[in-house]
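Chains, contacts and geometry: an overview
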Amino acid sequence: MKNKRQKLKIGISCHASLGGSGIVATELGIALAKRGHEVHFVTHQLPYRLRNVPEGIYCHVVEPINYPVLAESPYFLAVASRICEVVEEHNIRIWHAHYAIPHAMIALLAKNILPTKHKFCLITTLHGTDITIVGADPSLYRITRYTMEQSCAITAVSDWLKEQTIKEFELTKPICRIYNFIDTSKYSRNSPDIKKIPTSILPYLKKDAKVIMHTSNFRAVKRVTDVIRVFAKILEKIDAILIMVGEGPEKASSVSVARQLKVLDKIKYLGNYPNIEELLRIADLVIQPSEYESFSMSALEAMAMGVPVIGTKSGGITEVVIDNLTGILCEVGDIESMASHAIEILTNTRLMRKLSKNAIKHVKENFSSEKIVPLYENLYLETLDKFHS
Ligand code: GMT
C-alpha cells in the first residue's frame, strides 16, 4: 500500500430510504468524512441519516422528471447524468455503489458516458436481496452479472453472500468480503431518555413487563408472522409488550395473526423510526426470524446495545450472531424453540447478562467502524493503484 492516509474524493450512491443497505452506505460516508475524505452522495432524496449533513459530506439530490409522453419517469438516467456532472466537477476517481441494480448499473452507465480522463473506479457492494431476489430474477440476471463483471472491485457483506453470488453468477472477478459495521460510540447502554422515546409507546410500557422488539421492512423474507406467534407463546408465561418497527407489505398479515391470537393489544406498530438506538435502550430482547439474511443489521444494532437476539440459522446471520454466546439461533419457522429460548433469556438474569456482555464485546471486536472502514479505504487505494496508475 502506497499511502494509507491519502485523502480521497469518493462518490456514493445508495437507497436513501430506511433499510440496511442505505444505512450502511450513509454510515460509511459519515465515517469516511470523519477520517478526512470528501464524500459526495447522489440520491433521490436526502438519506435518512444525513439530515444534519456532517462536514466533508455533499449531497446531490436528483429530482425525477415527469412528462406525459414518458410512461415511466427516466429517473435512473437522470441519476447517471448527475453522477457524470458531480464526477467532472469534483474530480472524483472512486464511485462506490451500494446494491447492484439499479445503483451499480447507473454508476456504470455514468462511467461509460464520461470521457477517458474522468473514468472513475467503480466499487460495487452487494447487500443481499440485490443478488438473491432482484439479481436472481431472470429479467435482471444478465444485467446484474454484467454490472458486477464491469466493476473494478466487488464486495459482499458476508461470506454467505459471497458464496451465493459466486454460485449463482459464475463470476470471473473476485469478491472481497467486508462485513457491515456500526458506530459503537452511539450504542452505550445508558438509561433510556424518556423524552427520546416516541410518546405513542409510553402507554404500553409497564413495570415488570418485558419489552420485545422486531425491526424490518416487513417483506415475506422477514417472516413477521413468526414474530407474532413467538410473542403469543411468550405471553403464555410472562407479561411483555412487542414493538414492531418498520413498514412493508406483510404488516397486514401480521396484524391479522395478532388479532387471531388475541395479542394485538400488547403490540405497538411504530412504523419507520430512525433513532433505533433510543428504542433499543428500552428493549429486553430482539426477535429476527428471517427466512435468511445476508447479514442482518438489525441483529448487529441489537447486539451493539447488549440486547440479546433470537435469530435463525440461515444465511449470513450465522456470521454475525454466535449461537449460544451472543444470541440464540433456531431453525427457520421453529416457533416453539424460539419461544422457549426467549422465555429462558427473559427469566434467567445470568443468561441475559452473559449474552448481553458477549454481544457488546463481539461487536466491538469484529464490527466496529474503526475495524471495518479502513478495509474500504484500503480497497479504494488498491483499486486506484490497479486501474489509475
Ligand atoms: O432486508 C432487506 O430486504 C433490505 C436489504 C437492504 O437493501 O437494506 O437488506 C440487505 O442488506 C442489509 C445491509 O447489508 C443486510 O443487513 C440484510 O441482511 C440484507 N437483507 C437480506 O439479505 C434479506
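Every value quoted in this text rests on a predicted model; they were computed, and no experiment measured them. (Residues numbered from 1 in each chain as written. Predicted model: local features only at pLDDT ≥ 70, side-chain atom pairs only at ≥ 80, totals over all residues. Heavy atoms only, no water.)

Describing the overall build of the protein chain
Tallying secondary structure elements over the protein chain gives 14 helices and 13 strands in all. Here the C-alpha radius of gyration of the protein chain, 22 Å, is about what a compact globule of 389 residues would show, namely 21 Å. Considering only C-alpha atoms, the protein chain reaches an extent of 65 × 50 × 45 Å along its principal axes. In the protein chain, which comprises 389 residues, the proportion classed as buried is 55%. Put simply, of all contacts in the protein chain between residues at least 6 apart along the chain, 70% involve residues at least 24 apart. Carbon and sulfur atoms provide 51% of the accessible area of the protein chain, an area that totals close to 17,300 Å². (Helix = DSSP H or I, 4+ residues; strand = E, 2+ residues; numbered from the N terminus. Rg over C-alpha atoms; globule rule 2.2 N^0.38 Å. Buried < 20%, exposed > 50% of the residue type's maximum accessible area, 1.4 Å probe, protein only. Contact = heavy atoms within 4.5 Å. Areas by Shrake-Rupley, 256 points an atom, 1.4 Å probe, with all protein chains shown as cover.)

Notes on helix H6 (residues 159-169)
For H6, every residue scored as buried is listed here: Leu-161, Gln-164, Thr-165 and Phe-169. The arc enclosing the buried residues of H6, seen along the axis, measures out at 100 degrees, which places them on a common side. Its buried side turned inward, H6 meets strand S5 (121-126), helix H4 (129-135), helix H5 (141-150), strand S6 (153-156) and strand S7 (175-177). Looking one or two residues past H6, Glu-170 carries a phi angle of roughly 45 degrees, positive in sign. (Arc of directions from axis to C-beta.)

Re the site of the ligand
By nearness alone, 16 residues border the ligand, and Gly-20, Ser-21, His-127, Lys-222 and Glu-293 come closest of all. Between the ligand and Asn-180, the relevant distance is 2.9 Å, taken from an oxygen atom to a side-chain nitrogen or oxygen of the residue. Contact distances for the ligand include 3.0 Å between an oxygen atom and a backbone N or O atom of Ser-296. Across the complex, the protein chains shield 93% of the 480 Å² of accessible surface that the ligand would expose by itself. (Near = heavy atom within 4 Å. Polar contact = N/O pair within 3.5 Å; in protein donor to acceptor, adjacent residues only side chain to side chain.)

Quick word on unusual backbone geometry
Pro-102 follows Ile-101 through a cis peptide bond whose omega is 10 degrees. Although it is not a glycine, Tyr-99 sits at a positive phi angle of roughly 95 degrees. Summarising the element assignment, Tyr-99 is placed in the loop between strand S4 (94-98) and helix H3 (100-113). Residue class for Tyr-99 comes out buried when judged on its relative accessible area of 11%. We note that Asn-324 has phi near 75 degrees; this positive angle belongs to a residue other than glycine. With respect to the helices, strands and loops of the structure, Asn-324 is situated in the loop between helix H11 (317-320) and strand S13 (327-330).

Some remarks on the nonpolar core
Counting 76 residues, the largest nonpolar core has Met-213, Ile-243, Leu-280, Leu-300 and Tyr-380 as its most contacted members. Taken domain by domain, this core gets at least three of its residues from each of domain 1 (9-181 + 368-388) and domain 2 (184-366). Not counting residues within four places of it along the chain, the set of residues in contact with Leu-280 comprises Tyr-187, Arg-189, Met-213, Val-286, Glu-301, Ala-302, Met-305 and Val-307. (Core = buried A, V, L, I, M, F, W, Y, C linked by side-chain atoms within 4.5 Å. Domains from an automatic or database assignment.)

Details of the sheet that holds S13
Pairing is parallel in the open sheet, where 6 strands are placed in the order S10-S9-S8-S11-S12-S13. The sheet is open, and its two borders are formed by strand S10 (267-271) and S13, each paired with just one other strand. Strand-to-strand twist of the sheet, defined as the mean angle between neighbouring strand axes without regard to direction, takes the value 25 degrees. Looking at chain direction, strand S9 (residues 240-245) and S10 are connected through 4 bridges and run parallel. (Pairing = 2+ DSSP bridges. Axes fitted to C-alpha atoms, helices over the stretch in contact; angles between N-to-C directions.)

Some points on the domain arrangement of the protein chain
Taken domain by domain, the protein chain holds domain 1 (9-181 + 368-388) and domain 2 (184-366). Centre-to-centre separation of domain 1 and domain 2, based on C-alpha positions: 30 Å. With 24 residues of domain 1 in contact, the opposing surface of domain 2 contributes 20 residues. Between domain 1 and domain 2, the buried area comes to about 1,600 Å², and carbon and sulfur atoms account for 56% of it. The largest per-residue losses of area from domain 1 upon contact with domain 2 belong to Arg-49, Trp-160 and Ser-368, which jointly make up 30% of the total buried on that side. (Buried area = accessible area lost by both parts, 1.4 Å probe.)

Overview of the side chain of His-60
Tracing the backbone through its elements, the reader meets His-60 in strand S3 (residues 57-61). Assessed through its relative accessible area of 12%, His-60 is described here as buried. Polar contacts involving the side chain of His-60 include one to the side chain of His-40, which spans 2.9 Å. Excluding its chain neighbours within four sequence positions, the residues that come into contact with His-60 are His-40, Phe-41, Val-42, Thr-43, Arg-82, Val-86 and His-90.

Some words on the pattern of salt bridges
Enumeration over the complete set of coordinates arrives at 14 salt bridges. Residue Lys-34 pairs with Asp-183 through a salt bridge whose shortest N-O separation is 3.9 Å. Here Asp-183 lies in the loop between S7 and strand S8 (210-215) and Lys-34 lies in helix H1 (residues 20-34), a separation of 149 residues in the sequence. Here Lys-206 and Asp-239 are joined by a salt bridge, their closest N and O atoms 3.0 Å apart. On the criterion of sequence distance, the pair formed by Lys-206 in the loop between S7 and S8 and Asp-239 in the loop between helix H7 (224-235) and S9 is long-range, its members being 33 residues apart. (Salt bridge = Lys/Arg side-chain N within 4 Å of Asp/Glu carboxyl O.)

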